[in-house]
Amino acid sequence: MKESGGGTTVDEASHNAWGFENGRTYFDSWDTAIPIVAKTLKERYVDKGLISPEQIMAVYAPPAILNGGGWAKDINLFFSQMETL
C-alpha cells in the first residue's frame with residue numbers, strides 16, 4: 001500500500017504492487033512476483049532481526065526517521081487496518 005498506492009501507481013503489467021526495486025522490476029505474473037518479493041524481504045530484513053516497521057525503516061527509509069517516522073507510522077496503520085478485516 002505504501003510504496004505503490006496498493007498497486008494504483010504502477011503499470012499493471014509489471015505485477016509489482018509493492019514498488020519493488022523502486023518500481024523498476026517487471027514480473028511475468030503475480031505467481032512469479034510474490035515469492036521473489038517475499039524472499040527478498042526475508043533476506044534483507046527478517047534474517048537480520050529487523051521485523052518491526054520501525055526497525056525496517058532504519059535500513060529501508062532512514063530519511064523518514066528525521067521526518068518523524070512517517071513511513072513506519074503508515075505501515076503500522078496498514079497493519080492495523082488489515083487486522084480489523
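Residues numbered from 1 in each chain as written. Predicted model: local features only at pLDDT ≥ 70, side-chain atom pairs only at ≥ 80, totals over all residues. Heavy atoms only, no water.

What about the overall build of the chain?
If you tally the helices and strands in the chain, you get four helices and zero strands. When the elements of the chain are put in sequence order from the N terminus, they spell out α-α-α-α. Taken over the C-alpha atoms alone, the chain extends approximately 35 × 25 × 25 Å along its principal axes. The buried share of the chain, taken over its 85 residues, is 26%. Considering only intrachain contacts with a sequence separation of at least 6, the fraction spanning at least 24 residues in the chain is 11%. Of the roughly 5900 Å² of accessible surface on the chain, 59% is carried by carbon and sulfur atoms. Averaging the positions of the 7 positive and the 11 negative side-chain charges in the chain gives two centres separated by 8 Å. (Helix = DSSP H or I, 4+ residues; strand = E, 2+ residues; numbered from the N terminus. Buried < 20%, exposed > 50% of the residue type's maximum accessible area, 1.4 Å probe, protein only. Contact = heavy atoms within 4.5 Å. Areas by Shrake-Rupley, 256 points an atom, 1.4 Å probe, with all protein chains shown as cover. Lys, Arg positive; Asp, Glu negative; His and termini not counted. Charge placed at Lys NZ, Arg CZ, Asp CG, Glu CD.)

Observations concerning the nonpolar core
Membership of the largest hydrophobic core is limited to nine residues, which are Tyr 45, Leu 50, Ile 56, Met 57, Ala 61, Ala 64, Trp 71, Ala 72 and Ile 75. Looking at this core, the elements that each hand over two or more residues are helix H2 (53-60) and helix H4 (70-83). With three residues, H4 is the single largest residue contributor to this core. Contacts of Met 57, omitting those with residues within four sequence positions, involve Pro 62, Ala 64, Ile 65, Gly 69, Trp 71 and Ala 72. (Core = buried A, V, L, I, M, F, W, Y, C linked by side-chain atoms within 4.5 Å.)

Observations concerning the side chain of His 15
Its location among the elements puts His 15 in the segment before helix H1 (30-44). A distance of 3.1 Å separates the side chain of His 15 from the backbone oxygen of Ala 13, its partner in a polar contact. Of the polar contacts made by the side chain of His 15, one reaches the backbone oxygen of Phe 27; its length is 3.0 Å. Excluding anything up to four places from it in sequence, His 15 contacts Phe 27, Asp 28, Ser 29, Trp 30 and Ala 33. (Polar contact = N/O pair within 3.5 Å; in protein donor to acceptor, adjacent residues only side chain to side chain.)

Digging into the packing of aromatic side chains
Applying the stated rule across the entire model yields three aromatic pairs. When the centroid spacing of 5.3 Å and the interplanar angle of 50 degrees are considered together, the rings of Tyr 60 and Trp 71 count as tilted. In this pair, Tyr 60 is assigned in helix H2 and Trp 71 in helix H4, connecting sequence segments eleven residues apart. We classify Trp 71 as buried; its relative accessible area is 13%. (Phe/Tyr/Trp six-rings, centres within 6.5 Å; stacked < 30°, edge-to-face > 60°.)

Section: H2
Since the α-helix packs 3.6 residues into each turn, any two residues three or four apart lie on the same face. The complete set of buried residues in H2 reads Pro 53, Ile 56 and Met 57. Each buried residue of H2 lies within a common arc of 105 degrees when the element is viewed along its axis, so the set occupies one face. Contacts from the buried residues of H2 go to helix H3 (62-66) and H4. (Arc of directions from axis to C-beta.)

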